[in-house]
Amino acid sequence: MSQSIESVLTENRSFAPSEEFARAAQVKSMAQYEEMYRRADEDPEGYWAEVASELAWTKKWSKTLDWKLPDAKWFVGGQLNASVSCLDRHVATWRKNKAALLWEGEPGDTRVLTYGQLHREVCKAANALIALGVKKGDFVAIYLPMIPEAAIAMLACARIGAPHTVVFGGFSAEALGDRIKDAKAKIVITSDGGWRRGAIVPLKENVDRAVEGTSIEKVVVVKRCANDVAMKDGRDVWWHDTVDVASPRHEAESFDSEHTLFTLYTSGTTGKPKGILHTTGGYLTGAYYTTKLVFDLRDEDIFWCTADIGWVTGHSYVVYGPLANGATVLMYEGAPNQPGPDRFWDIIAKWGVTVFYTAPTAIRAFMRWGDQWPAKHDLSSLRLLGSVGEPINPEAWMWYREQIGHNRCPIVDTWWQTETGSIMISPLPGATPTKPGSATRPLPGIAADVVHKDGTPAKANEGGFLVIKKPWPSMLRTIFGDHERFQKTYFGEVAGCYFAGDGARKDADGYFWVMGRVDDVINVAGHRLSTMEVESALVSHPKVAEAAVVGRPDDLKGQAIVAFVTPRQGVAADEALAKVLREHVSSQIGALARPEEIRFAEALPKTRSGKIMRRLLREVASGSKSRGDTTTLEDQGVLERLAQSFAQEE
Ligand code: WT7
């Protein structure tokens, strides 16, 4: 991939926004962007205070920022309710009868909720949660498919000051249980299932296994699939029996700006996922601001972000960002290739989607499925395209531009993280000339840079660490229950800076080229995983003595998981075992973590101090041709000789 980026750099292909697009855009020129950037850089507090004042506050803050590295408090003393900024204030205007949510289920069923209706549903859910005993500060776990109730549940939690912790429906019972335990959640909201590729995902069954021995007191179950599920007396209640009968009137209380809005678990470099904690005022300011600038939203837009609500992209760009802007969002439940490879294009044509935001891994799958699929549909409603989750290779970028955007729609390649809460580096579609593969420039207010380990700036086109030099409102506040890990991970690497964990470089025009993670985090089909997490899952199997997991480049997924496994004495290293282990990882974490390839080795190459030589394993994994599902017993002599030559190099 780096080679293609080189070729783009030398060609310096660049696409300027059309005059027509620029004329109507929020930010209309690079001169205007530069001016905003300069203003925000000179007076960050003044700049962010102005942005934040566009939300609905019931009490104005007394201090914009309280910053004692690594601790930031934004809009100190201010009070607001996130669900009021997303709903009530629009319901008070003509937007009451504007569509807030357009929803399509995988089987083809649809629902539309206006702002007025969404507000009523959220109020009912808020009242129902209160009746179930949820109080301000109690954590609520949400494990739902992409149905309107997912957004309703999140907003209802926000409304009553109960932090939500959404767990992606693709995670296993085991992973859900770990997250529930860490958050000490009191209630979990789930459904009898969700549709995925024509089959029902057994969410309720997973919940039943996950909540054993946890703090969970109640399970609220949405009926989605008419799936027969067991209901435990005294613990489980149906959504329609509790929410549907609750009062649609709820007077929202305001919370402190720094009140926890949610935690969301993401993988770090250890085996234990981190509960990334975001607070109300700052997070909402970031989600609101970036949605407005980057997606250039207008009232007549239909905005479709394809991310699941279980990821931060779903939080910021399906729920909080667009709703805080009074926009219309589209939500789709199922797979992109159900019933055929053109489902997404069918949805865009049918609903008239204008702004479309998806991940490079999806774009590469669409490329592979063939140009005939998008060509069958009228995509002329689209005016802007977005990409997120991993570096987008220039080939996929060009395909997206030509086959989906018909060379007419600007592309915003947005770099950010669960931790940053909202987009940090991205083109502004009416202003920034784009280069395929580059996320271009930081947004006004974001002091991003590329530096060496000692903090000195890297030269043009020189690789370094991607850092943020000043606090921003939607930054994470801590890792739930582990402030020390928070400080060490993000502020302990480069003095004075937030360290993102990504490698990057800036070109002569100041454009950022994000190269990927520099730590033991891998990105598989836009899903973030820790190699250690997969390793712990593997060694928890009784037949495994030791395991090392690495990522190898993959044309479709960006990275694929390769696991080197040393079986216990006397255990046969064969295809049957590989199969068992792949399933084991899947049940421990989720299908997204299932290793692509398992390679057995008599021993793993280690340094003298006993550290596994991952760099060596990465080379071994990517050097040889993919063997797909077959397994090999690594020749110990080969590994040893390789290890020796590596040791000499280091
Ligand atoms: C990691 C964050 C942010 C929402 C989805 C992922 C990678 C994300 C880009 C991009 C290059 C990107 C980084 C980052 N990443 N967007 N546009 N170009 N890399 O959130 O799961 O917290 O993962 O995704 O490596 O650190 P996440």
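Rules behind the numbers
- Residues numbered from 1 in each chain as written.
- Predicted model: local features only at pLDDT ≥ 70, side-chain atom pairs only at ≥ 80, totals over all residues.
- Heavy atoms only, no water.
- Helix = DSSP H or I, 4+ residues; strand = E, 2+ residues; numbered from the N terminus.
- Rg over C-alpha atoms; globule rule 2.2 N^0.38 Å.
- Buried < 20%, exposed > 50% of the residue type's maximum accessible area, 1.4 Å probe, protein only.
- Contact = heavy atoms within 4.5 Å.
- Areas by Shrake-Rupley, 256 points an atom, 1.4 Å probe, with all protein chains shown as cover.
- Axes fitted to C-alpha atoms, helices over the stretch in contact; angles between N-to-C directions.
- Parallel < 35°, antiparallel > 145°, perpendicular 65-115°, else oblique.
- Left-handed = near helix turned anticlockwise from the far one by under 90°.
- Nonpolar A, V, L, I, M, F, W, Y, C, P; charged D, E, K, R; others polar.
- Near = heavy atom within 4 Å.
- Polar contact = N/O pair within 3.5 Å; in protein donor to acceptor, adjacent residues only side chain to side chain.

With that settled, the discussion passes to the overall build of the protein chain. For the protein chain, the count of helices and strands is 21 helices and 32 strands. A compact globule built from 650 residues would reach a C-alpha radius of gyration of about 26 Å, and the protein chain, at 24 Å, matches this within 12%. In terms of overall dimensions, the protein chain has C-alpha extents of about 75 × 65 × 55 Å along its principal axes. The 650 residues of the protein chain split such that 61% are buried. Considering only contacts within the protein chain whose residues lie at least 6 apart along the sequence, 72% involve residues at least 24 apart. Surface exposure of the protein chain reaches about 24,500 Å², of which carbon and sulfur atoms provide 50%.

Next up on the list: the packing of helix H8 (residues 173–183) against helix H9 (residues 203–210). In the contact formed by H8 and H9, the axes pass within 8 Å of each other and the chain directions differ by 55 degrees. Judged on the interaxial angle alone, H9 and H8 are oblique. Crossing hand, H8 versus H9: right-handed. Here Ala173, Leu176 and Gly177 of H8 come into contact with H9, specifically with Asn206, Val207, Arg209 and Ala210. Grouping the amino acids of the contact of H8 with H9 by side-chain chemistry returns four nonpolar, two polar and one charged.

Around the ligand sit 17 residues in total, of which Asp413, Thr414, Thr418, Asp502 and Arg528 are the nearest. Within the contact set of the ligand, a nitrogen atom lies 2.7 Å away from a backbone nitrogen or oxygen of Thr414. With respect to the ligand, the side chain of Asp502 contributes an N or O atom lying 2.6 Å from an oxygen atom. The fraction of the free accessible surface of the ligand (560 Å²) that becomes covered by protein chains is 95%. Elements represented by at least two residues in the shell around the ligand include exactly helix H12 (312–324), strand E21 (411–414) and strand E26 (512–517). Residue classes in the shell around the ligand are distributed as six nonpolar, six polar and five charged.

Everything listed here is a matter of coordinates, which is why it stays silent on function.
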